[in-house]
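Now for the letters of each chain:
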Amino acid sequence: NKNMGSTDGASTLATYMNDMYANLQILATSPETGANKAFVVSLAQNLSNGLRNISGDIQNQRLQADQKIEETVNTINTTLQSIQQLNEEIAGGGNDAGTAEYVDQRLYLMENLAKDMDIQYFFDSSGRAQIYTQGGQALLTNEARTISYSATTSMNSLVTYPAGFAPISLNG
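Keep in mind it's a predicted model, so treat the numbers as computed, not measured.

Draft legend 1. Geometry of the environment of L140. Its location among the elements puts L140 in strand β3 (residues 138–140). Taking the C-alpha atoms as reference, L140 lies 8.6 Å from Q81; in sequence the two are 59 residues apart.

Set out below in structure tokens:
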């Protein structure tokens, strides 16, 4: 982010703050000079615009993060559905090479799921994976449960957590 990521250069917040401070000192020693007054007003406008741009960038990043949460929740749900389907193939498949392929695919999906959220799991006597949240909530037993989350469509400084965001819920 150009407004927040750099601390050197002519159009950074730090530069605007330093210029404002230096020119306010000059204005304090020569308050009668119109050019000094106009320049300080111009610097104040630049500083104000810089702060406004940073605020806008922060709100955009918050919105992107919220949308990423929704995307991740959707990925988790799709992964759980896929693992459920593989569980059925594995439980009904016997010991052929196809079953081994299903087991490998399921393990791969479970590893990806674990990257998105903390999980616990075990395999029941039929070979089905039983998946739970770290806190013990069932995600997949006989059927995959659904996690719900809806990202906000707009963001501003008045949107705060938790009131301004939808909850993440399990089957609800």
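Draft legend 2. The arrangement of the pairing of strand β1 (residues 119–123) in detail. Pairing analysis gives five bridges linking β1 to strand β2 (residues 129–133), with the strands arranged antiparallel. Looking at the pairing, Y121 lines up with I131 of β2. Hairpin geometry of β1 and β2 is characterised by an intervening segment of five residues between the two adjacent antiparallel strands and by a positive phi of about 90 degrees at G127.

Draft legend 3. Quick peek at the layout of surface pockets. For the largest pocket, the calculated volume is near 160 Å³. In this structure, the largest pocket is lined by I69, T72, V73, I76, D116, M117, T133, I147, I168, S169 and L170. Breaking the lining of the largest pocket down by element, the ones donating at least two residues are α2 (34–92) and β5 (169–170). In terms of residues, the lining of the largest pocket owes the most to one element, α2, which gives four residues. Counted by class, the lining of the largest pocket contains seven nonpolar, three polar and one charged residues.

Draft legend 4. Main features of helix α1 (residues 13–29). A rise of 1.5 Å per residue sets the reference length of α1, with its 17 residues, at 24 Å; its end C-alpha atoms lie 25 Å apart and thus fit the reference within 8%. Contacts from the buried residues of α1 go to α2.

Draft legend 5. The arrangement of the sheet that holds β3 in detail. The three strands are arranged β1-β2-β3 in an open sheet whose pairing can be described as antiparallel. Two strands close off the open sheet at either side, each with one partner strand: β1 and β3. Within the sheet, the average angular offset between the axes of one strand and its neighbour, ignoring direction, is 30 degrees.

Draft legend 6. Here's a closer look at the pattern of salt bridges. On inspection of all chains with the given rule, the structure shows two salt bridges. Here E71 makes a salt bridge to K68, at a shortest N to O gap of 3.3 Å. Within this pair, E71 and its partner K68 are both found in helix α2, separated by three residues, close to a single helical turn.

Draft legend 7. Seen up close, the pairing of β2. Among the five residues that make up β2, four are buried, leaving the element largely enclosed by the rest of the structure. Note: β2 against β3, two bridges, orientation antiparallel. The residue of β3 that forms the bridge with Y132 is A138. The hairpin formed by β2 and β3 contains four residues between the paired strands, and G136 there has a positive phi angle of roughly 100 degrees.

About the criteria used
- Residues numbered from 1 in each chain as written.
- Predicted model: local features only at pLDDT ≥ 70, side-chain atom pairs only at ≥ 80, totals over all residues.
- Heavy atoms only, no water.
- Helix = DSSP H or I, 4+ residues; strand = E, 2+ residues; numbered from the N terminus.
- Pairing = 2+ DSSP bridges.
- 1 Å grid on protein atoms, 1.4 Å probe; cavity = no way out; pocket = protein on both sides within 12 Å on 5 of 7 lines; lining within 4 Å.
- Points joined across faces, edges and corners; volume = space filled by probe spheres on them.
- Nonpolar A, V, L, I, M, F, W, Y, C, P; charged D, E, K, R; others polar.
- Expected span 1.5 Å × (residues − 1).
- Contact = heavy atoms within 4.5 Å.
- Axes fitted to C-alpha atoms, helices over the stretch in contact; angles between N-to-C directions.
- Salt bridge = Lys/Arg side-chain N within 4 Å of Asp/Glu carboxyl O.
- Buried < 20%, exposed > 50% of the residue type's maximum accessible area, 1.4 Å probe, protein only.

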